[in-house]
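A look at the structure
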Amino acid sequence: IPVDPFDIVIFGGTGDLSRRKLLPALYHRWLDGQIPETSRIVGTARSEMTTKEYREMAREACETASGKSWDAKAWKVFEKLVEYVAIDATNPDADWPTLKSKLSSNSDHPCVFYLATSPRLYVDISEALGRAGLATPNARVVLEKPIGTDLDSAREINDGVGAVFAERQVFRIDHYLGKETVQNLMVLRFANMLFEPLWSRNYIDHVQITVAEDLGLEGRADYYDKSGALRDMVQNHMLQLLCLTAMEPPNHLDDDDVRTEKIKVLNALTPITGDEAKRLTVRGQYKAGVRGDEPVKGYVDELSSDTQSTTETFVAIKAAVDNWRWAGVPFYLRTGKRLPYRHSDIVIQFKPTPHPLFGEGNDAVNRLVIRLQPDEGVRLYVQIKEPGPGGLRVKSLPLNLSYAESFTVRYPDAYERLLMDVVRGNLSLFMRRDEVEAAWTWVDGLIEAWDRGGTAPELYAAGSNGPLAAAMMMDRDGRAWFEG
Ligand code: BG6
């Protein structure tokens, strides 16, 4: 369904996110007929560049993202929507009038300002937009994660942006919420009668959420070394997955009902402080190892400086959601870079049957495995009888629902869905101010405990399953990570 014509201004328009995600996402939505021809896409950045040069950069980006399905003719039509204006958002004398002149004078057009810049610039840019008369009631501002580096800096950003834009105009993006399979999590839970009655401490033993990556720093050393896995992945993506898994059914799917349920989960997370952090968390950092057959550098060797960084590239956490539904059910979170392969899974492990009818060794349990990426799908492990006359041998096998086998359509990238939601003004897949702040409150407590504890991350070889301590954390509880 086409959206109404709109304008989008991308700050950081020449950056990595714009090239890898935003421009290709807009191009694909246009190819699908969702973006009307009268819409405008204006890239801005500090560099002096002509619109022609910017279109060329955008073409390369979209061609790379499209691969074999690249359509040079279609691009020629699309590129007419794209323009460039050089703006140094921190300079009061920047060329706002030129930018303004590129935008539609139709005040009904939603105008989206996408801040794909360092979060340090969010407030400056918002204030400049205000001064330039561009923060109209129809404007929307999109803030990329991370919103700050801790609770205080997140509040400063939220206050500063909030002084110019109303909360309903602020779209704090977490691209995990735009992933097809993440949205399917809500459908799976709330459109099936089967799971909800079992979805609690009564039947669930524990939950595992893994986001494993095989890649390393990918040229983002400056950002990553100040951030680490906890701030980069847990504060946002992992906690959002935890919220969608643990939240109560919302009354409706509209903006605030879902977000209100998510924030209740964040507020119920038991703080991890003091010495508890040693028992309940593991930090790791990769050292040199292999990827496939290729040797890969260790984390510190990927950094440009010689500093002996103690930034974690792996984190495992045993979290607890302290409420009626989840009392006593651990939520094990695990994420890391340079692990053996890329996979993101939510594993719901059910309790064993109360009475072992089928004898010793037949103690496999039901497991619901939601594979978010790649090979998107849902597998429900059930026990069945192994065929054969030799007694009742029980085997655990999955009922397998594979997206690729069930649907032949192309899956839109998360940014495609989220950008169109911004244009429509649909906030439900974006984080509310209090949600971001609640996530930081929990994460800040943990960072403080780590800082006080002063322990360095445990090294793990690139291409291995992460630090041994992560396996031992599970082992102590008589459990193991599910490796798929
Ligand atoms: C980003 C992180 O938010 O998510 C990256 O900053 C990470 O470090 C990426 O690689 C993972 O996203 P995806 O969609 O590839 O799982």
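Computed from a predicted model, the values in this text were never measured in an experiment.

**Focus on helix H1 (residues 16-31)**
Residue pairs three or four apart in sequence face the same way in an α-helix, which turns once every 3.6 residues. The end-to-end C-alpha distance of H1 is 22 Å, a good match for the 22 Å that 16 residues give at a rise of 1.5 Å each. A maximum bend of about 30° is found in H1 at Leu-22, where proline Pro-24 lies one to four positions downstream. Among all positions of H1, only Leu-17, Ser-18, Leu-22, Leu-23, Pro-24, Ala-25, Leu-26, Tyr-27, His-28, Arg-29 and Trp-30 are buried. Looking at the buried residues of H1, the elements they touch are strand S1 (7-11), strand S2 (40-45), helix H2 (51-66), helix H3 (72-78), strand S4 (111-115) and helix H13 (414-424).

**A word on the UniProt feature "binding site: NADP(+)" (unreviewed entry) in the chain**
Within this structure's numbering, the places UniProt gives as "binding site: NADP(+)" (unreviewed entry) are Gly-12, Gly-13, Thr-14, Gly-15, Asp-16, Leu-17, Ser-18, Arg-19, Arg-46 and Lys-145. You can see Asp-16 is positioned in helix H1. A relative accessible area of 39% means that Asp-16 is categorised as partly exposed. Mapped onto the elements, Arg-46 comes out in the loop between S2 and H2. Judged by its relative accessible area of 64%, Arg-46 falls in the exposed class. Residues contacting Arg-46, with those up to four places away along its chain left out, are Tyr-84, Ala-86, Ile-87 and Asp-88.

**A closer look at the side chain of Gln-183**
Residue position: Gln-183 is located in helix H7 (residues 180-190). Among the residues examined, Gln-183 registers a relative accessible area of 15% and is labelled buried. A distance of 3.2 Å separates the side chain of Gln-183 from the backbone oxygen of Leu-177, its partner in a polar contact. Setting aside chain neighbours within four positions, we find Gln-183 in contact with Leu-177, Gly-178, Arg-417 and Leu-429.

**Describing the environment of Ser-227**
Relative to the helices and strands, Ser-227 is located in helix H8 (residues 221-246). The sequence separation of Ser-227 and Thr-313 amounts to 86 residues, and the corresponding C-alpha distance is 9.5 Å. Dropping the residues within four chain positions of it, Ser-227 is found in contact with Asp-232 and Glu-312.

Rules and cut-offs
- Residues numbered from 1 in each chain as written.
- Predicted model: local features only at pLDDT ≥ 70, side-chain atom pairs only at ≥ 80, totals over all residues.
- Heavy atoms only, no water.
- Helix = DSSP H or I, 4+ residues; strand = E, 2+ residues; numbered from the N terminus.
- Expected span 1.5 Å × (residues − 1).
- Bend = angle between axes of the 7 residues up to and from the residue.
- Buried < 20%, exposed > 50% of the residue type's maximum accessible area, 1.4 Å probe, protein only.
- Contact = heavy atoms within 4.5 Å.
- UniProt positions renumbered as here; feature names shortened; annotations may be inferred.
- Polar contact = N/O pair within 3.5 Å; in protein donor to acceptor, adjacent residues only side chain to side chain.

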